[in-house]
Amino acid sequence: MLSIPELQKISSQVRRDVIRMIHAVASGHPGASLGCADFFTVLYFDIMKPDPSHFSVDGIGEDLFFLSNGHLSACWYSVMAHYGYFDTKELGTFRKLGSRLQGHPATEERLPGIRVASGSLGQGLSVAIGAALAKRLNKDDHLVYCLTGDGELEEGQNWEALMFAAARKVDNIIAVVDYNGQQIDGPVDKVLPLGNLRAKMEAFDWQVFEMDGNDIHEIVKIMSSAKAATRKEKPVMILMKTHMGAGVDFMLDKHEWHGSPPNDEQAKLALAQLEETSGDF
Amino acid sequence: MKEYLNTGSKDTRSGFGEALNELGKQNPNVVALCADLIGSLKMEAFVKNFPDRFFQVGIAEANMMGIAAGLTIGGKIPFTGTFANFSTGRVYDQIRQSIAYSNKNVKICASHAGITLGEDGATHQMLEDIGLMKMLPNITVVNTCDFNQTKAATIAISKHQGPVYLRFGRPKVPNFTSADQSFIIGQAVMLNEGHDVSVFATGHLVWNALEAAKILEEQGISVEVINIHTIKPLDRLSILQSVKKTGCVVSAEEHMRNGGLGDSIAQLLAIEMPTPMEMVAVDDHFGESGKPEELMKKFHLEPDDIVNAVKKVISRRK
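So, a few notes on the structure that sits alongside this text.

Conventions we followed
Residues numbered from 1 in each chain as written. Chains lettered and ligands numbered in written order. Predicted model: local features only at pLDDT ≥ 70, side-chain atom pairs only at ≥ 80, totals over all residues. Heavy atoms only, no water. Helix = DSSP H or I, 4+ residues; strand = E, 2+ residues; numbered from the N terminus. Buried < 20%, exposed > 50% of the residue type's maximum accessible area, 1.4 Å probe, protein only. Salt bridge = Lys/Arg side-chain N within 4 Å of Asp/Glu carboxyl O. Contact = heavy atoms within 4.5 Å. Buried area = accessible area lost by both parts, 1.4 Å probe. Polar contact = N/O pair within 3.5 Å; in protein donor to acceptor, adjacent residues only side chain to side chain. Nonpolar A, V, L, I, M, F, W, Y, C, P; charged D, E, K, R; others polar. Phe/Tyr/Trp six-rings, centres within 6.5 Å; stacked < 30°, edge-to-face > 60°. Lys NZ or Arg CZ within 6 Å of the ring centre and 35° of its normal. Pairing = 2+ DSSP bridges. Axes fitted to C-alpha atoms, helices over the stretch in contact; angles between N-to-C directions.

1. Focus on unusual backbone geometry
For the peptide bond that leads from K232(B) to P233(B), omega is 0°, which places it in the cis range. In this fold, P233(B) is placed in the loop between β12 (230–232) and α10 (236–246). Phi is positive for A26(A), close to 50°, though the residue is something other than glycine. If you trace the backbone, A26(A) turns up in the loop between α1 (4–25) and α2 (30–35). Residue A26(A) is classed as exposed on the basis of its relative accessible area, which comes to 53%. With phi around 70°, D205(A) is a residue other than glycine that occupies positive phi space. Summarising the element assignment, D205(A) is placed in the loop between α8 (197–203) and β6 (207–212). We classify D205(A) as partly exposed; its relative accessible area is 37%.

2. Some remarks on the pattern of salt bridges
All names here are of chain A. Counted according to the given criterion, the structure contains 22 salt bridges over all chains. Put simply, R16 and E276 hold a salt bridge, and the shortest N to O gap is 3.8 Å. Within this pair, whereas R16 is found in helix α1, its partner E276 is found in the segment after α10 (264–272), the two being separated by 260 residues in sequence. On the basis of relative accessibility, which here comes to 10%, the residue R16 falls in the buried class. Taking the relative accessible area as the measure of exposure, E276 reaches 43% and is therefore partly exposed.

3. Notes on the interface of chain B and chain A
The figure often quoted for interface size is the accessible area lost as the parts come together. The interface of chain B with chain A comprises 28 residues on the first partner and 31 residues on the second. Counting each side, the surface lost to burial between chain B and chain A is near 2,300 Å², with a carbon and sulfur contribution of 54%. Contact with chain A buries area across many residues of chain B, yet I73(B), Q97(B) and Y101(B) alone supply 28% of it, more than any other trio. Our enumeration of links across chain B and chain A arrives at zero salt bridges. At the surface where chain B touches chain A, the tally comes to 17 residue pairs in polar contact (both at pLDDT 80 or more). Of all the secondary structure elements, the ones that give two or more residues to the side of chain B that touches chain A are β3 (54–56), α4 (61–71) and α6 (92–101) of chain B. Of the residues belonging to the side of chain B that touches chain A, the class tally is ten nonpolar, twelve polar and six charged.

4. Structural notes on the packing of aromatic side chains
Considering all chains together, one arrives at 17 aromatic pairs over all chains under this definition. Between the aromatic rings of Y4(B) and F176(B), the centroid separation amounts to 6.1 Å while the plane-to-plane angle is 85°, which identifies the pairing as edge-to-face. With Y4(B) in the segment before β1 (10–11) and F176(B) in the loop between β8 (172–173) and β9 (189–192), this pair connects stretches of sequence that are 172 residues apart. Y4(B) gets classed as buried once you look at its relative accessible area, which sits at 16%. Seen in terms of ring centroids, F83(B) and F86(B) are 5.9 Å apart; in terms of plane orientation they differ by 25°. Their pairing is stacked. Taken as a pair, F83(B) and F86(B) share a single burial class, namely buried. Among the aromatic residues, ring-to-ring pairing joins F39(A), F40(A), Y44(A), F45(A), F55(A), F65(A), W76(A), Y83(A) and Y85(A) into one connected group. Here the guanidinium or amino end of R20(A) rests over the ring plane of F281(A), the centre of that ring lying 4.4 Å away.

5. Describing the sheet that holds strand β13 (residues 249–256) of chain B
Sheet strands pair by backbone hydrogen bonding; their relative direction is either parallel or antiparallel. All names here are of chain B. If you trace the five strands from one edge of the open sheet to the other, you get β9-β11-β10-β13-β14, paired in mixed fashion. In the strand order of this sheet, the two ends are held by β9 and β14 (277–282), each with one partner. Between one strand and the next, the sheet's axes are offset by a mean angle of 25°, whatever the strand orientation. Contacts from helix α9 (residues 205–218) reach β9, β10 (197–201), β11 (223–227), β13 and β14, with the element oriented near 170° to β11.

6. Concerning the sheet that holds strand β2 (residues 144–149) of chain A
Residues and elements named next belong to chain A. Spatial strand order, β1-β2-β3-β7-β6: five strands in an open sheet with parallel pairing. Of all strands in the sheet, those bounded by a partner on one side alone are β1 (64–67) and β6. Shown here is a sheet whose adjacent strand axes are inclined to one another by a mean of 20°, direction ignored. As judged from the six bridges shared by strand β3 (residues 173–179) and strand β7 (residues 236–241), these two strands associate in the parallel manner. Bridge pairing in β7 places V176 opposite I238. Strands in contact with helix α5 (residues 124–137) are β1, β2 and β3; relative to β2, the strand with the most contacts, it is inclined by about 175°.

By themselves, these figures tell us nothing about what the structure is for.
What follows is the structure, given as structure tokens:
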């Protein structure tokens, strides 16, 4: 088991990777990738701990993760590479022609670790629920995790999925909402306010946890509590407060960094704030 | 001309329902999902016999497609059931990303396709589904002609690895193919050999093509009738072989002309073997309420319409 400082070192390197990957091709989505670096790090290195040497799409006998908000691809790829699914050198191919690291995650190029394409928003939770049902049918007692954005909840399919999971008592799933309050056109509260999200989720009969997604200590703690809350005939939801652009001061909480790459000067400034802990790819 | 006997009209959707129940017995990995249309899709037997493997998702087709994609992760073979409209147009992006691009082993089973669902009218009369589905890479598109063939196709697609769109309908139509046929995806079925014209038909129009061939034979025109039950992948070889012999073509389908079987064949012929062709299909028009037989007449999908198309195309042949 890794210590909190060790996890922090990994997430710092992941943030560097995110900046370098997106800067290299002048394209990508740095904001939420930086915001969720701590969560992804804890999820793989401390919570799920899947076997990266024997990846299978079916994932029988291990926990599964689905990224619904596929534009966080840079962060996910970096964490998977550091975890051992593929060489970190491959991060340098991100978004380039012929790469397995597509702009948004895809299965077509057979990158280990990915089980379904995502990017068009609102679909991941349904897929994760389907995978959780398959686990139930297979009498596989591992869990299914899913990350969605908060702006993404504006897609109606999410609410179909939320209703279904509770009605069918899908209790082997933990859905995490990246509750950073930002989306492309501005703060979620201005674009389309979500209202009292916790109350809505509870009204949909989910068990709801809240956590600070930029505090590794808290992520470890709350994720463990959420795991303990599974298999109680109710699906589990974590509203994860994060800061878009976390780790880079001039990107912090700014929706403008949803999908804008840093220029040379900005990349330099950002990297100066992020410690290189295990070597850049 | 070879005789085909209607052994008793039945709806194609019942062929699907019967086969699904058989699959339930044969393969423990087969699961089924429905969006509040169990009776319409004839899924009652599966629901009753395999309740643990059936998922009622309610009127939420987008969620159904996503859950189906997820169920394949873990080795399940999900069959989704709803009307053709809600199986395709309503959920196009879900199919595109979570099923087709992700190459998931989902069987999208669609009833009430075309205009023959009748009185419900154009909102439910899906005439664009073949086009929508065939444009997506990785998807196999099947449109069956009668009860027996729908049953055989349902069994066959369960053994095919990859996403499939299976299209069938609501009304009772002649059941004339063999009950013990072997259904091979992508392999056209020669129903009647002829030498004056090739008629390529799919779905409910296959029977009408046979009826037309009978009329034409009495007038001294020899019609080759081929059932193209798989629109994608298209049986290019069978089509080209037949056209090489006859030199003119009629396609027949209960679908929009744009995007249907006819335009797949036209595309093939334009590149490989330019040939005079007529298309019996709905011509850029929504359907409307009415009895199925009234609609088939109004939208020019009857045997007589195929007869007229054959005469026209023969007259165009040099």
